[in-house]
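The primary structure of each chain is shown beneath.
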Amino acid sequence: MVIDRAGLADFLRGRRESLQPEDVGLPRGARRRTGGLRREEVAALSHMSVDYYARIERQRGPQPSEQMLAAIAQGLHLSRAERDHLYRLGGHPAPVPGSGTDHVSPGMLRVFDRLVDTPAEIVTELGETLRQNALGAALGGDAGLRTGPARSIGYRWFTDPAARRLHPEEDHAFYSRLYASGLRSVLALRGPGSRAADLAERLLAQSEEFRHVWAQHEVGLRPREVKRFLNAEVGLLELGCQVLLSPDDSHSLLVYTAVPGSPSDERLRLLSVIASPPSPVDDRRPRVRP
């Protein structure tokens, strides 16, 4: 496939100018005179330099990689059809439909962008955090620090002792069964050669505990209505977890709430004060570079 530089530039410019700051979770600001997003705002949302993004709109520079196009698609809140069109204009085949995509739907992003006073995160079917707000990072750790298979909470649970320190010890056995059960269900759905199969193979080779719970062949386990977190700053938090599912992308928006007036509610309020909020365009993920 050959890059269509003029078509790519026109498409990006049109999408940028059609978006308002509030559409992507940014403040409008008092000095904004024109509609649409600025190039620097799109670059920041896409985690790349302003110069790199500007060169694409000016039909200059090297052909964008698939990784860069994915970052731009997410920064501009493109739909899946728009994302696929962007890939083709950029000279790459569109991603194959199915599991494994990190592209979050615009609708889910709009809901997520409005969640600022309660912990929230968007995760894949393998428990990989794609987005988290400041309170979500304070509660469960910064997802931007995780790479490779360690992006999956199930993988970390069996390979990284730090993952277990987030929950009381008496809950550990249940989480081991829960994560093994969930991985088995995804593996049955996606089949051999999938990312789920790769995670299962890695865990079978690395964790004796995983081999034990995997041999039980448990499926269908559901998370408990109340999840207990041990936070180094505020102590024990007992939180309900509400889930918004995006079936087409196999993504879930998790929102953690406390019973009003409960000790956990007070501790969650304290955690919100302690947590340092990110900049308006920081979704806690590593910067993408050309």
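Above this note sits the structure.
Residues numbered from 1 in each chain as written. Predicted model: local features only at pLDDT ≥ 70, side-chain atom pairs only at ≥ 80, totals over all residues. Heavy atoms only, no water.

Peer 1: Quick question: what am I supposed to make of the pairing of strand β4 (residues 235–246) here?
Peer 2: Regular strands place their side chains on alternate faces of the sheet. Summarising the sheet, strand β3 (residues 226–231) and β4 pair through six bridges and their orientation is antiparallel. Along β4, the bridge assignment pairs phenylalanine 229 with leucine 237. Linkage of β3 to β4, two consecutive antiparallel strands, is achieved through a turn of three residues. As defined by bridge partners, β4 adjoins strand β5 (residues 251–257) across seven bridges and the pair is classed as antiparallel. For leucine 245, the partnering residue across the bridge sits in β5 and is serine 252. The loop that links β4 with its antiparallel partner β5 comprises four residues; one of these, serine 250, has a positive phi angle of about 60°. (Pairing = 2+ DSSP bridges. Helix = DSSP H or I, 4+ residues; strand = E, 2+ residues; numbered from the N terminus.)

Peer 1: Looking at this model, I keep getting lost on the environment of serine 246. Mind explaining?
Peer 2: Its location among the elements puts serine 246 in strand β4. For the pair serine 246 and proline 119, spaced 127 residues apart in sequence, the C-alpha separation works out to 19 Å. Discounting residues that sit within four places of it in the chain, serine 246 has contacts with Ser105, Met108 and His251. (Contact = heavy atoms within 4.5 Å.)

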